[in-house]
Amino acid sequence: MELETRIRNQLLRPELPPSSYDTAWVSMVPLRGSDHSPCFPQCVEWILQNQLDDGSWGLNQFDSSISKDVLLSTLACVLALRKWNVGRENIWRALHFIGRNFSVAMDEQISGPVGFNITFTGMLSHAIDMGLEFPIRQNDVSGILHLREMELKRQDMDGSYGKKTYMAYIAEGLGNMLDWDEVIKFQRKNGSLFSSPSTTAAALIHKHNDQALQYLNMLVSEFGSAVPALHPLKLHCQLSMVDMLEKMGISQHFVSEIKSILDMTYSCWLQKDEEIMMDVATCAMAFRLLRMNGYDVSSDELHHVAEPSTFHDSLQGYLHDTKSVLELYRASKVSLSEYDVILDNIGSWSGNILKDKLHSNMVQRTAIFREMEHALKFPFYATMERLEHKRNIEHFDTRGSMTLKTEYFPYCASRDLHTLAVEDFVCSQSVYQDELRHLDSWVKENRLDQLQFARQKLTYCYLSAAATIFPSELSDARIAWAKNSVLTTVVDDFFDVGGSKEELENLIALIEKWHDHEDKFYSEQVKTVFSAIYTTTNQLGARASAVQGRDVTKHLAQIWLDLLRSMMVEVEWQSSQHAPTLEEYMRNAVVSFALGPIVLPALYFVRQELLEHAVKDQEYDELFRLMSTCGRLLNDIQGFEREGSQGKLNSVSLLVLHSHGSMSIDTAKKAIQKSIDVSRRDLLRLVLRKESAVPGPCKELFWKMCKVLHLFYFQTDGFSSPKEMVGAVNEVINQPLKVQISTSSLSSSSTK
């Protein structure tokens, strides 16, 4: 597929577009020993050949309006041509372009590149000193130079290391005001300053440095006559693309490429490569992606941003860079231990900053604002992937631009990514709708819709399958998950309200005998429930056995028997008014919570060989225990009042009861919440562990169910909140994508 091929090429070899601004500064570096000759004449020639028709330089890929970035790039190119006394006609056209649009530079309401009031005005002052005449009123020149003075005075009042870093970063706008010996202390191992060609070139113009010259020589050798705005940037671009692929649900198309990128990133991480470690956002994103893909990375490498004070000493911290704070917040949530102080600290201070930004109206309702809002409301462990994919596709910014000292567009494949994601989602929705129709027929065939006591939750049950096991080709896994979700709901209601003790005992006896059962049903209800379980389990068992190459039907039947027996224990506790200890309650509850028939059969359908020894391994049992513990306790906290009114005990009431009056309900809920947090982290650690008896794709289903549970019980008692669930069902299965891209001709085919 041509689209996938283009994305694959971009993943492995990201293209960095040229920066007129940085190319201009590189072109101004003189040949050593000859101040009247450029060191990089090919860059001067590029400037001469790449002026736009309106007299400007810059990359206005998507927008016809004039930006401060274009003015900045144009002025830098003017300085370069003037320095080497070439391109008189080019200079004249550029000066008039700047004159026509000077009001943009003076408008404080228009956002601009980092340090614009210093870099632009510094270059403007230098241009005037060089004898260049701008068709601009003197009052306007004086006005913008006054803005520069005000900015510099504000900076003088700040003695922080962050301010020192910032001033070095925008050094080209300060010229002789700086101590260049101090600036060069920010030089990196690759010879650059801040990986910025313009800052490095400015330093080299003022003070020769062999490493800086080697860096620029390498840039021109690699990129030719025009250099990018940042270099190296390959890993950042690749990680950003991997993140986009995962967020939009199309990473499964690029498994080998993603593995190659993450392997390389992990190698760089272990070597503490500056390309990762010196940029806060890249470091945080690398940590999150590596950890969530099973690489062994320690949060110790984030110690330099564990406190807000050390973060503010960095360039991104001093600039209050929202994206960096958001990446740190996301990274803090992938904690695998309750004792990870570094991640806890980062989560605390970064979360507070994001909340302050939301409430202070400092951030407009842009894409980054929506991301902040969503990240704070829904932690990554309380999400359903297909819901997230749809949201990310609909709010995707195809520009993919970043703005530091100048705007640049490193994600050349972003439109292709978005197009593929739209096509994939539209295709999968069609599959989901077909599957839901099949399930509806199955419910009717098994007469489950005629059971008066049973909640009719088919669409909710299918939602949890479609929204997590989302690839179209995993239809068998979704069907197994959904059918067994419906059946466990029926059985739960049968034990809760629908069946007498005799009926329950009859049902268990039938399941125990399985193939050898006699058609002795205590009631028509028992017959309907048993027949649905028996027929469906045998059908799924036959398919699973064919896939796995061994008989697994007995295992599926045993899962049902374990569930019914554990439910019967709770019936007997309630009828005898027995109050079990919390340990006794939880031993039974991890089975009676009824996730066994939903998750465990689906493991056989995720296109992985699941050997019998893996099913009998302690890891398999522990994955199930931790997942079920999270679900049971989440349900107990949210359903405490409802179950209490029905005379049922749960973990909250048992804690209070056995404390003999020393523990309040709120204290008990906090204790239970802590147990949930510990179990969730332990589960994630097991799921991500490389050495494992249970295959990775199988382990992921335990984590996917855990995420579903956290979302279902996020604010309410799960299945008792129809409004939220109906909305989610429609988003994933029925409602077409709403894709509006003003900067592109792309339109969603989902509206057909």
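All figures in this text were calculated on a predicted structure; none of them were measured in a lab. (Residues numbered from 1 in each chain as written. Predicted model: local features only at pLDDT ≥ 70, side-chain atom pairs only at ≥ 80, totals over all residues. Heavy atoms only, no water.)

Along the backbone of the chain there are 37 helices and four strands. Taking the principal axes of the C-alpha coordinates as reference, the chain spans close to 105 × 60 × 45 Å. Counting all 752 residues of the chain, 56% fall into the buried class. By sequence separation, contacts in the chain at least 24 residues apart represent 72% of the contacts at least 6 residues apart. Here the chain has roughly 32500 Å² of accessible surface; of this, 50% comes from carbon and sulfur atoms. A distance of 1 Å separates the average location of the 76 positive side-chain charges in the chain from that of its 96 negative side-chain charges. (Helix = DSSP H or I, 4+ residues; strand = E, 2+ residues; numbered from the N terminus. Buried < 20%, exposed > 50% of the residue type's maximum accessible area, 1.4 Å probe, protein only. Contact = heavy atoms within 4.5 Å. Areas by Shrake-Rupley, 256 points an atom, 1.4 Å probe, with all protein chains shown as cover. Lys, Arg positive; Asp, Glu negative; His and termini not counted. Charge placed at Lys NZ, Arg CZ, Asp CG, Glu CD.)

What follows deals with helix α35 (residues 665-688). With 24 residues, α35 extends 35 Å from end C-alpha to end C-alpha; this agrees with the ideal 34 Å at 1.5 Å per step. Among all positions of α35, only A668, I672, I676, S679, R680, R681, L683, L684, L686, V687 and L688 are buried. The inward-facing, buried residues of α35 abut α16 (280-292), α20 (341-359), α32 (618-638), α34 (651-658) and α36 (696-712). (Expected span 1.5 Å × (residues − 1).)

What follows concerns the packing of aromatic side chains. For the coordinates displayed, the defined rule picks out 18 aromatic pairs. Look at F380 and Y381: their rings are 5.8 Å apart centre to centre, the planes differ by 75°, and that puts the pair in the edge-to-face class. With relative accessibility at 22%, the residue F380 sits in the partly exposed group. Following the ring pairs from residue to residue traces out a cluster consisting of Y161, Y169, F186 and F194. Its guanidinium or amino end placed over the ring of Y169, K405 lies 4.6 Å from that ring's centre, counting from NZ or CZ. When the ring centre of Y381 is taken as reference, the NZ or CZ atom of R680 above it lies at 3.6 Å. (Phe/Tyr/Trp six-rings, centres within 6.5 Å; stacked < 30°, edge-to-face > 60°. Lys NZ or Arg CZ within 6 Å of the ring centre and 35° of its normal.)

A few words on the packing of helix α13 (residues 234-247) against α16. Contact pair α13 / α16: the axes reach a minimum separation of 10 Å and the direction vectors enclose 50°. When the axis of α13 is compared with that of α16, the two are oblique. For α13 against α16, the interelement crossing comes out left-handed. Counting all contacts with α13, which are made through H236, L239, S240, V242, D243 and E246, the residues of α16 involved are T282, M285, A286, R288 and L289. Grouping the amino acids of the contact of α13 with α16 by side-chain chemistry returns five nonpolar, three polar and three charged. (Axes fitted to C-alpha atoms, helices over the stretch in contact; angles between N-to-C directions. Parallel < 35°, antiparallel > 145°, perpendicular 65-115°, else oblique. Left-handed = near helix turned anticlockwise from the far one by under 90°. Nonpolar A, V, L, I, M, F, W, Y, C, P; charged D, E, K, R; others polar.)

Before going further, it helps to spend a moment on the packing of helix α25 (residues 475-498) against helix α26 (residues 501-513). Where α25 contacts α26, the two axes come as close as 10 Å, and the packing angle between them is 150°. As the angle between them shows, α25 and α26 are arranged roughly antiparallel. For the element pair α25 and α26, the recorded crossing hand is left-handed. Residues F494, F495 and G498 of α25 lie in contact with α26, whose contacting residues are E503, L504, L507 and I508. Partitioned by chemical class, the residues of the contact of α25 with α26 number five nonpolar, one polar and one charged.

Right, let's get into the pattern of salt bridges. Close approach of charged atoms lets side chains of opposite charge pair. In the structure shown here, the tally under the stated rule is 40 salt bridges. Put simply, K669 and E641 hold a salt bridge, and the shortest N to O gap is 3.4 Å. Taken together, the residues K669 in helix α35 and E641 in helix α33 (residues 640-645) connect sequence positions 28 residues apart. (Salt bridge = Lys/Arg side-chain N within 4 Å of Asp/Glu carboxyl O.)

Here the focus is the side chain of N635. For N635, the location among the structural elements is in helix α32. Among the polar contacts listed, one links the side chain of N635 to the side chain of Y713, at a separation of 3.1 Å. (Polar contact = N/O pair within 3.5 Å; in protein donor to acceptor, adjacent residues only side chain to side chain.)

Let's shift gears to the domain arrangement of the chain. When the parts of a complex come together, some accessible area is lost, and that lost area is often used as the size of the interface. Domain annotation for the chain reports domain 1 (18-223), domain 2 (233-418) and domain 3 (447-734). Every contact between the two is made by 30 residues of domain 1 and, on the other side, 16 residues of domain 2. Here domain 1 meets domain 2 over a buried area of about 1900 Å², counting both sides, of which 60% is carbon and sulfur. For the pair domain 1 and domain 2, the interface holds one salt bridge. Residue K405 pairs with E172 through a salt bridge whose shortest N-O separation is 2.9 Å. Along the contact surface separating domain 1 from domain 2 lie 10 residue pairs in polar contact (both at pLDDT 80 or more). Broken down by secondary-structure element, the contributors of at least two residues to the side of domain 1 that touches domain 2 are α2 (20-27), α4 (68-83), α9 (161-169) and α11 (197-206). Looking at which element gives the most residues to the side of domain 1 that touches domain 2, the answer is α9, with six residues. For the side of domain 1 that touches domain 2, a count of residues per class yields 11 nonpolar, 11 polar and eight charged. (Domains from an automatic or database assignment. Buried area = accessible area lost by both parts, 1.4 Å probe.)

On to the confidence of the model for the chain. For the chain, mean pLDDT is 92; residues scoring 70 or higher make up 94% of the total. pLDDT under 50 marks residues 742-752. Its contacts with residues more than four places away, or in other chains, come to 18 contacts. (pLDDT = per-residue confidence, 0-100.)

Bringing unusual backbone geometry into the picture now. Each neighbour pair has its own omega, and for H231 with P232 the value is 5°, a cis peptide bond. Checked against the element boundaries, P232 lands in the loop between α12 (210-223) and α13. Of note in the backbone geometry, F194 takes a positive phi value of approximately 60° without being a glycine. The topology assignment puts F194 in the loop between α10 (180-183) and α11.

Attention now moves to the environment of D476. Within the fold, D476 resides in helix α25. Assessed through its relative accessible area of 28%, D476 is described here as partly exposed. Along the chain, D476 and F116 lie 360 residues apart, while their C-alpha atoms are 57 Å from each other. Dropping the residues within four chain positions of it, D476 is found in contact with R543 and F605. There is a polar contact of 3.1 Å between the side chain of D476 and the side chain of R543.

Turning next to the side chain of Q429. By secondary structure assignment, the location of Q429 is in helix α23 (residues 414-445). In this structure Q429 comes out as buried when scored by relative accessible area, which is 5%. Those residues in contact with Q429, other than ones at most four positions away along the chain, are K390, E731, V732, I733, N734, Q735 and P736.

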